[in-house]
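Examination of the molecular architecture
Below are the chains, spelled out letter by letter.
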Amino acid sequence: MTSTIHDAAQRGYTSASDHYQRGRPEYPEALSGWLSGTLGVMVGSRVVDLGAGTGKFTKLLARTGAAVTAVEPVDAMRARLAESLPDVTALAGTAEAIPLADEATDVLLCAQAFHWFANAQALREMHRVLRVGGRLGMVWNVRDESRDWVAAITEIITPYEGDAPRFYTGKWKRPFEGQALFGPLQRTMFPHSHVGSFEQVVLDRILSVSFIAALPQSEQQSIADRLRALRDRFPELQAETIAFPYATEAWLAERLVTA
């Protein structure tokens, strides 16, 4: 398998880095305890943020005092990361071709990203750059669709997803089946919310979705108009400040000795 970037990610994230930076939620403070206590991210540890985007998650890692390297293939996203986090090493690379030496890191993390490159070659490459006993962490902020207005947002955007990889399908778990590179997947969940204006937590957030951002501008505008119309159906969306509900899923797999 060659090292490639899905078209929706390449085009969407290149054009939507502004929406991404404004609209994507940060991560719950409780996740810091998981990073230190479960993954061992601490002062002096070597940590890689793979698929780092604009650095939303990288910023959290940098606060731990670890030596952080961010790997991001989309130039526009990586440039934003480098500008906001000058002390972090930001490298161009993909999950199938990580620009690091063998066993170069103690912890490798993928935030909002692993589903894009969930394949056997990427898993082998992650195994290669992790030390023996190192840990792979995967984190997603997942929209809480038990809320009626969140479910309505999903109904608007889902028809556009095409073949773009999505976390909710669970297909990202397939590379872990029948392999001897990593131990069993372990999940921890944290409640979370993204608080801000409708424009930030709904419009910017949804317009930063890869397959939405890759659409022609006229279609993006149509989607934005449909999202605004939800305020007539759901009074909660008329408030000056909205708390968009999420569940943050944190997954861990330990690197095994077998190569």
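Residues numbered from 1 in each chain as written. Predicted model: local features only at pLDDT ≥ 70, side-chain atom pairs only at ≥ 80, totals over all residues. Heavy atoms only, no water.

1. Concerning the nonpolar core
Definition in use: By convention a nonpolar core is built from buried Ala, Val, Leu, Ile, Met, Phe, Trp, Tyr and Cys residues, the set being connected through side-chain atoms within 4.5 Å. Relative accessibility under 20% of the residue-type maximum defines a buried residue, over 50% an exposed one, and the middle range a partly exposed one, all with a 1.4 Å probe and only protein chains included. By definition in these notes, contact holds between two residues if any of their heavy atoms fall within 4.5 Å.
In this structure, L50, L108, C110, F114, F117, M126 and L136 are the most contacted members of the largest nonpolar core, which totals 52 residues. When neighbours within four sequence positions are excluded, L136 is seen to be in contact with L108, C110, L123, M126, L130, F176, F182, W251, L252 and A253. By size, the runner-up hydrophobic cluster in this structure holds 24 residues, among which are L35, V68, V107 and L252.

2. Looking at the sheet that holds strand β5 (residues 130-143)
Rules: Any two strands between which DSSP finds at least two bridges are classified as paired. Helix and strand assignments come from DSSP, with helices taken as H or I runs of at least 4 residues and strands as E runs of at least 2, each series counted from the N terminus. The angle between two axes is taken between their N-to-C directions and runs from 0 to 180 degrees, where each axis is a line fitted to C-alpha atoms and a helix contributes only its stretch in contact.
On the basis of which strands lie adjacent, the open sheet formed by 7 strands has the order β3-β2-β1-β4-β5-β7-β6 and mixed pairing. Looking along the sheet, the strands with just one partner apiece sit at the ends: β3 (89-91) and β6 (186-196). Each strand axis lies, on average, 20° off the axis of its neighbour in the sheet, ignoring direction. As defined by bridge partners, strand β4 (residues 105-111) adjoins β5 across 6 bridges and the pair is classed as parallel. From the neighbouring strand, C110 faces β5, where its bridge partner is M138. Its contacts with the sheet put helix α6 (residues 120-129) on β1 (46-50), β4 and β5, and the angle it makes with β5 is roughly 130°. Helix α7 (residues 148-157) contacts β5 and β7 (242-254) of the sheet and is inclined by roughly 75° relative to β7.

3. What about the side chain of T154?
Quick note on the threshold: In the analysis that follows, any N or O atom pair within 3.5 Å is treated as a polar contact, provided that within protein one partner can donate a hydrogen and the other can accept it, and provided that, for residues neighboring in sequence, both atoms belong to side chains.
Structurally, T154 can be placed in helix α7. At 3.5 Å, the side chain of T154 forms a polar contact with the side chain of R143. Ignoring any residue separated from it by four or fewer positions in sequence, one finds T154 in contact with R143 and E145.

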